[in-house]
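Examination of the molecular architecture
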Amino acid sequence: MSDVQEATNQLLDVNLCENQMSIQVTESGPRSESEHLQVTIGATVPTGFEQTAADEVREKLGSSCKISKDRGKIYFDISVDSLAQVHCLRSVDNLFVVVQEFKDYHFKETKEEVLKDFEDLAGKLPWSDPLKIWKINTSFKKKKTKRRKINPNSSKQKIDNGRGDTTVEKDVKEFTNSVSDSQILDSYENPAIKEEVSTLIGDDLTSCKDETEENSKEEADPEVLKFRVTCNRAGEKHCFSSNEAARDFGGAVQDYFKWKADMTNFDVEVLLNIHDNEIVVGIALTEESLHRRNITHFGPTTLRSTLAYGMLRLCAPQPTDIIVDPMCGTGAIPIEGATEWSNCYHIAGDNNPLAVNRAANNISSLLTKIQVKEGKLSLGLPIDTIQWDICNLPLRTGSVDIIVTDMPFGKRMGSKKRNWNLYPACLREMSRVCRPGTGRAVLLTQDKKCFAKALSGMGHLWRKVHTVWVNIGGLHAAVYLLKRTPQSFFHPSEQDGERCPW
Amino acid sequence: MRLLTHNLLSSHVRGVGPRGFPLRLQATEVRINPVEFNPDFIARMIPKVEWAALLEAADTLHLIEVPKEPIQGYERNEEFLRKMHHVLLEVEVLEGTLQCPESGRLFPISRGIPNMLLSDEETET
């Protein structure tokens, strides 16, 4: 009972002022204790890129990661002072603070017993520290005050949690089967998202106005927080559904804290992640996925920025590397590259005038956004856009260090039949422009068979070094890391052995 | 389109091969867009640059005088590096054309984006 009292008191003290970076969390509890608070953070990342994300965490936060068997999740410990930096990670989609982890949870035999256990669990968890973290985190997020309406799309959309054979369910407490848009969106153009992110810049400008609105609303009802429970369940042997677990666990959470349940306008999102015998209870720290951060103008197959980041990281860009995306679409990859690897030079190219225009617009929007945020004249980014044909690149032979691209899958763009001709032509032209010896390519495709065939005839030019299996909007795709061999490219017209001089 | 990009571009009209470089630049609208100066980046980029092509392009645009070749000890010469930084990264051609030196084929540059697409007859098989 005293725990509840303490928790409620802490929440009453919530002071959501904007620049609260220091830890002024509670009035009870010693100040020094909060400052040295160590916390376990969980992050969802594009499946297949767990190691890449772990590398980024080690590089930027100095923490080592535990990669969960629950694919697409990593865990790491940080001190509370580093919380702001966690939001700067570019390979993570969503963040949460771990309340408790059960490595080997013992599920009872019947559904009733299991659900009863979940209800009992709510009252036994160590909520207070994670809630402190949540509070601090909320103060960072004050700028983005516009609450998005969750888009109630039908749940027939396959969830991007790539579990292969095991059944996956995701349900949210509140008797509907609506799925949050950050889950379904991946590569699909969605009018709700388009509307949401086309005001990305608008949000920053109007954030001051919205703050006052929300503040006055909160003053009217400061004690009662609104919450929801999201349950992810994967595993063959469970006798309950995620909906049932979310409902019963959520009910107990509501009784414990006296919070109000609200599906769309929640303050606290409690996560209940169940993967076989592993259960992790967490509190979400991100309200919308970070993965669309750079893109305001969407195309039909826009790649997640977190995936673009992972692909770029795979090829280990060196300073002054020339990095080209010859099928850039809306420019997700080169734009991510230009922001994160600004000591390289990026070129975005596509044959489609719509794509090229979108890419250029996304770059302008990004520059404007940086300008608004930092309030100073924004400097240009090291990126250019060109309209060209991948099979006939207007680039000097051997002038490109890295090629990174999302190749047409043949599903929503192009066709499988076209791929049979396109892929070999692409690989050949890419091998021409890529620098022999040091050059490399990172290529994403779902048409793995066609790719393998196209690559098989090119062992003298490309060497496959690594493959990452990923899940793109429900499709099992692969990211191939290729190294360019030291052999120079011989133009077919120079068969008599005369070296191509350039 | 920046001059660093121009330095990488080459005509791919059929039969032209290496004689398609460099493309002749002509600009009707240019914009100067400041970019953060990174001396290390410029110093390392200079060996990768095709100098004659850069010289020619900078001349056409009536930019500050680019030396005939990288000066001795350029790695530590800040004035030189700043000049090259400006020429390579801060000058953007918004409207103009690129011309294949061998075939004469013109490629338009519009809103900063060069359109290098060829018709089917013009491309190599």
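The name that an unreviewed UniProt entry assigns to chain B is Multifunctional methyltransferase subunit TRM112-like protein, with the source organism given as Muntiacus reevesi. UniProt, in the comment section headed Sequence similarities (unreviewed entry), describes chain B in these words: "Belongs to the TRM112 family."

1. Describing the overall build of chain A
Scanning chain A for helices and strands turns up 15 helices and 16 strands. Relative to its 502 residues, chain A shows a buried fraction of 57%. Long-range pairs, those at least 24 residues apart, make up 78% of the contacts in chain A with a sequence separation of at least 6. Counting only carbon and sulfur atoms, one obtains 49% of the accessible surface of chain A, whose full area is about 21300 Å².

2. Concerning the nonpolar core
Leu427 and Trp462 of chain A are the most contacted members of the largest nonpolar core, which has 73 residues in total. Listed in part, the 54 residues of the second largest apolar core include Leu37, Leu95, Val229 and Ala246 of chain A.

3. Let's talk about the environment of alanine 454 of chain A
Residues and elements named next belong to chain A. The residue alanine 454 is located in helix H15 (residues 448-456) in this model. Classification of alanine 454 as buried rests on a relative accessible area of 7%. In this structure, the C-alpha to C-alpha distance between alanine 454 and threonine 264, residues 190 residues apart in sequence, is 48 Å.

4. A short note on the interface of chain B and chain A
Counting residues at the interface gives 32 residues for chain B and 35 residues for chain A. Surface buried jointly by chain B and chain A totals about 2900 Å² across both partners, of which 60% is contributed by carbon and sulfur atoms. Applying the counting rule to chain B against chain A returns 3 salt bridges. Between aspartate 401 of chain A and lysine 48 of chain B there is a salt bridge whose closest N-O contact spans 3.1 Å. Within the residue set of the side of chain B that touches chain A, elements represented by two or more residues are helix H1 (3-6), helix H2 (39-45) and strand S4 (113-114) of chain B. The greatest single-element share of the side of chain B that touches chain A, amounting to 3 residues, is contributed by H2 of chain B. Of the residues contributing to the side of chain B that touches chain A, the split by class is 15 nonpolar, 10 polar and 7 charged.

5. Observations concerning the sheet that holds strand S10 (residues 322-325) of chain A
Residue and element names in this part refer to chain A. If you trace the 7 strands from one edge of the open sheet to the other, you get S12-S11-S10-S13-S14-S16-S15, paired in mixed fashion. The two strands at the open ends of the sheet, each matched to only one other strand, are strand S12 (383-387) and strand S15 (462-472). The mean angle between the axes of side-by-side strands here comes to 15°, regardless of whether they run parallel or antiparallel. With 2 bridges joining them, S10 and strand S13 (residues 402-406) adopt parallel strand pairing. In the sheet register, isoleucine 323 faces S13, and the bridge partner there is isoleucine 402. Taken strand by strand, helix H11 (residues 305-314) contacts S10, S13, strand S14 (440-445), S15 and strand S16 (475-484), and its axis lies near 150° from that of S14.

6. Describing the packing of helix H3 (residues 50-61) of chain A against H11 of chain A
When two helices pack together, their arrangement is captured by the angle between the axes and the distance separating the axes. Residues and elements named next belong to chain A. Taken N-terminus to C-terminus, the directions of H3 and H11 make an angle of 80°; their axes are 10 Å apart at the nearest point. With respect to their mutual orientation, H3 and H11 come out roughly perpendicular. Of the residues in H11, those in contact with Thr52, Asp55, Glu56, Glu59 and Lys60 of H3 are Tyr309, Gly310 and Arg313. Of the residues in the contact of H3 with H11, the class split is 1 nonpolar, 2 polar and 5 charged.

7. Some details on the packing of aromatic side chains
All names here are of chain A. A full pass over the atoms with the stated rule returns 16 aromatic pairs over all chains. A ring pair is formed by phenylalanine 102 and tyrosine 105, whose centres lie 5.6 Å apart and whose planes are at 85°; its orientation type is edge-to-face. Pair check on accessibility: phenylalanine 102 and tyrosine 105 agree, each one buried. Each residue in the set Phe102, Tyr105, Phe107, Phe118 and Phe240 is aromatic and connected to the rest through ring pairs, giving one cluster.

Conventions we followed
- Counting restarts for each chain: residues are numbered from 1 in the order of the written sequence.
- To label them, take the chains in the order written and letter them from A, then take the ligands in the order written and number them from 1.
- Two thresholds apply to this predicted model, a pLDDT of at least 70 for residue-level local features and 80 or more for giving and counting side-chain atom pairs, whereas whole-chain, interface and lining totals are computed over all residues.
- Heavy atoms throughout the structure, all of them, feed into the side-chain values; hydrogens and water do not.
- UniProt positions are given in the numbering used here, feature names are shortened, and annotations may be inferred rather than shown by experiment.
- Numbering goes from the N terminus for both helices and strands, where a helix is a DSSP run of H or I of at least four residues and a strand is a run of E of at least two.
- With a 1.4 Å probe rolled over the protein chains alone, any residue whose accessible area is under 20% of its type maximum counts as buried; one over 50% counts as exposed, and the rest are partly exposed.
- Contacts were defined at the residue level, with two residues in contact if any of their heavy atoms lie within 4.5 Å.
- To be clear on the numbers: accessible area is Shrake-Rupley with a 1.4 Å probe, and residue cover counts the displayed protein chains and nothing else.
- Throughout, nonpolar core names a set of buried Ala, Val, Leu, Ile, Met, Phe, Trp, Tyr and Cys residues whose side chains join them through atoms within 4.5 Å.
- Once two parts are brought into contact, the accessible area they lose, counted with a 1.4 Å probe and summed over both, makes up the buried area.
- By salt bridge we mean one thing: a side-chain nitrogen of Lys or Arg within 4 Å of a carboxyl oxygen of Asp or Glu.
- Lys, Arg, Asp and Glu make up the charged group, whereas Ala, Val, Leu, Ile, Met, Phe, Trp, Tyr, Cys and Pro make up the nonpolar group; the residues left over, Gly among them, are polar.
- Strand pairing is assigned whenever DSSP identifies at least 2 bridges connecting the two strands.
- Angles here are taken between N-to-C directions and fall from 0 to 180 degrees, while the axes themselves are lines fitted to C-alpha atoms, restricted in helices to the stretch in contact.
- Roughly parallel here means an angle under 35 degrees, roughly antiparallel means over 145, roughly perpendicular means 65 to 115, and every remaining angle is called oblique.
- In this scheme Phe, Tyr and Trp rings, the latter by its six-membered ring, pair at centre separations within 6.5 Å, and the angle between planes marks the pair as stacked below 30 degrees, edge-to-face above 60, and tilted otherwise.

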